[in-house]
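# Summary of structural features
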Amino acid sequence: MSAQPPPRSPREGGPRRPSGHRARAGGSARPVPRTRPTGSTPPADPTPTRPLPRTPGPSPDQPGPASGARPDAYSRGTSPAPGRPPHQGIDDGGPPPGGPARTRSSRRRSRTARPLRLGATLVALALVIVLAWGTGLTIWSNSRIDHVPALSGAADTPGTTYLIAGSDRRDGEAVDEDGTTGARADTMMLLHKAPGGNSYLISLPRDTLVEIPGYGGYKLNAAYAFGGAPLLVETVEEFTGLTVDHYVEIGFDGVSDVVGSVGHVNLCIDQDVDDEKSGLVMTEGCHDVGGEQALAFVRARYFDPTADLGRQQRQQQFVGALMERATSPSVMLNPVAQVRLAGAGSGALTTSEGTGIIDVGRMALTARGAMNAGSTPTIPIEDPQYRTEHSGVAILTDDEDIAAFFAAVGEGSAETSAT
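All of the points below concern the structure found in this document. Source: prediction; values computed, not measured.

Turning our attention to the packing of helix α4 (residues 291–299) against helix α5 (residues 308–326). Where α4 meets α5, the closest approach of the two axes is 7 Å, and the angle between their N-to-C directions is 145°. Touching Ala294, Phe297, Val298 and Arg299 of α4 are Arg311, Arg314, Gln315, Gln317 and Phe318, all from α5. Considering only residue class, the contact of α4 with α5 consists of four nonpolar, two polar and three charged.

Their axes nearest at 10 Å, the elements helix α3 (residues 252–262) and α5 cross at an angle of 35°. Crossing hand, α3 versus α5: left-handed. Here Val255, Val258, Val259 and Val262 of α3 come into contact with α5, specifically with Phe318, Leu322, Arg325 and Ala326. For the contact of α3 with α5, the residue count by class is seven nonpolar, no polar and one charged.

Applying the stated criterion across every chain yields a total of one disulfide. The disulfide that involves cysteine 268 links it to cysteine 286, with 1.9 Å between the sulfurs. When the S-S torsion is 105°, as for the bridge of cysteine 268 with cysteine 286, the disulfide is right-handed. Taken as a pair, cysteine 268 in strand β8 (residues 265–269) and cysteine 286 in strand β11 (residues 285–289) lie far apart in primary sequence, 18 residues in all. Overall, cysteine 286 belongs to the partly exposed group, its relative accessible area being 47%.

With three bridges connecting them, strand β13 (residues 383–387) and strand β14 (residues 393–396) associate as antiparallel partners. Looking across to β14, one finds that aspartate 383 is bridged to leucine 396. Two successive antiparallel strands, β13 and β14, enclose a turn made up of five residues, where glycine 392 displays a positive phi of approximately 75°.

Turning next to the layout of surface pockets. Of the pockets and cavities examined, the largest pocket occupies roughly 1200 Å³. Residue composition of the lining of the largest pocket, grouped by class: 30 nonpolar, 11 polar and two charged.

Time to look at the nonpolar core. By size, the foremost hydrophobic cluster in this structure holds 44 residues, and its most contacted members are Val265, Leu267, Leu280 and Phe318. Ranked by residues supplied to this core, first place goes to helix α8 (residues 357–372) with seven residues. Beyond its immediate chain neighbours, meaning those up to four positions away, valine 265 contacts Val259, His287, Asp288, Val289, Ala294, Phe318, Ala321, Leu322 and Arg325. Formed by 31 residues, the second largest nonpolar core is a distinct cluster that contains Phe239, Ile379, Phe405 and Ala414.

We now examine the sheet that holds strand β1 (residues 146–148). The six strands lie next to each other as β1-β12-β7-β2-β3-β4, forming an open sheet whose pairing is mixed. Looking along the sheet, the strands with just one partner apiece sit at the ends: β1 and β4 (199–203). When strand polarity is set aside, the average angle formed by the axes of neighbouring strands in this sheet is 20°. Relative to strand β3 (residues 185–193), strand β2 (residues 160–167) runs antiparallel, the two being bridged by eight bridges. Across the sheet, alanine 165 pairs through a bridge with methionine 188, a residue of β3. Strand contacts of helix α7 (residues 335–348): β7 (246–251) and β12 (349–352), with the helix running at about 60° to β12, the strand carrying the most contacts. Sitting on the sheet, α8 is in contact with β2, β3, β4, β7 and β12, with an inclination near 90° to β4.

Counting across every chain of the model gives eight salt bridges. Residue arginine 311 pairs with aspartate 186 through a salt bridge whose shortest N-O separation is 3.2 Å. With arginine 311 in helix α5 and aspartate 186 in strand β3, this pair connects stretches of sequence that are 125 residues apart. When sorted by exposure, arginine 311 lands in the same class as aspartate 186, which is buried. Measuring nitrogen to oxygen at the nearest pair gives 2.8 Å for the salt bridge that ties arginine 314 to aspartate 304.

Analysis parameters
Residues numbered from 1 in each chain as written. Predicted model: local features only at pLDDT ≥ 70, side-chain atom pairs only at ≥ 80, totals over all residues. Heavy atoms only, no water. Axes fitted to C-alpha atoms, helices over the stretch in contact; angles between N-to-C directions. Helix = DSSP H or I, 4+ residues; strand = E, 2+ residues; numbered from the N terminus. Contact = heavy atoms within 4.5 Å. Nonpolar A, V, L, I, M, F, W, Y, C, P; charged D, E, K, R; others polar. Left-handed = near helix turned anticlockwise from the far one by under 90°. Disulfide = S-S within 2.5 Å. Buried < 20%, exposed > 50% of the residue type's maximum accessible area, 1.4 Å probe, protein only. Pairing = 2+ DSSP bridges. 1 Å grid on protein atoms, 1.4 Å probe; cavity = no way out; pocket = protein on both sides within 12 Å on 5 of 7 lines; lining within 4 Å. Points joined across faces, edges and corners; volume = space filled by probe spheres on them. Core = buried A, V, L, I, M, F, W, Y, C linked by side-chain atoms within 4.5 Å. Salt bridge = Lys/Arg side-chain N within 4 Å of Asp/Glu carboxyl O.

Keep in mind that these numbers describe shape and distance, not what the molecule does.
Below, the structure is given as structure tokens:
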């Protein structure tokens, strides 16, 4: 009798089982438990794991989670549910591993940095607008200034010297025709900024007897009539010993227009005046006056017994009043007033070649500083009523006194006196 093959596993395709097996069809093999040898020592109990920390529940006086809220075992400050491993991938809002701690103060600084950046941007934008406005106004003003070849080309002397001339040209509407022909320098001032910083504003009386190159002895204002700005500059340089760096001329109409552009100037007088020749009508005291009366104020001299000397003091007062008004906040911070002043001033000016509106601005600031410091000395005079053969009454000076006076002015050591 041939041997029978072992029966197949109840699972199709399973291995054949040896005969005499006890597995039930459709069952599974189970491991047989091992028996511990007699006398052996049972293994020690495994080390218990450390329980995870748990946060205390809400106290009776603290409200718990809202009704119906889903408990979150992985939210910040809570422990995972018992039997579940701690989750490693959920961000609890803390700093990243190895990174700097993120604190509330740093977040506060980041919030406050935004308005600071916005403020800095607005300030930068305002500066750009101001610079663009100033540049445009400067270019426009420079284009309106007339230039003449007034400088002599003499060797420079220390410091910066401006010659300011008020011309009595009758080519506008500010002065009525009175039979005067040509033009004369009605007002002359020498403004000098010494190397040491001291500044001086000195009136040069138009009736001062001087030597005019190529013409001989005449009154100072005749130099302009003979040869215009170049001859006037050369005459002043020989008289003072100072080289003129900038020549600035303004006509009668210019004075009226400039005052009109700033509204008014405040001028003071010590007597009632009704001068027919100049048109000045003022009562004793200080008054805000417009362009017409301001022009009459700087021209008038016949009502004053001191004649030219009294007029030069009024002219210096006018310059100081105009500088005070032009640099006041109501003008400097008003774009419309700035345009009016720049237009009236530049349109009325005639300057030496190379002298622009920036130089005129420096001149104005220097003149204001000299006026505020009382640095307005008067030239030494030997005889204020000197009679000449052909020029009438003139102002006579001594050559040595004049040389010493302007030497002190040049080096910044001249004595000052308030006006």
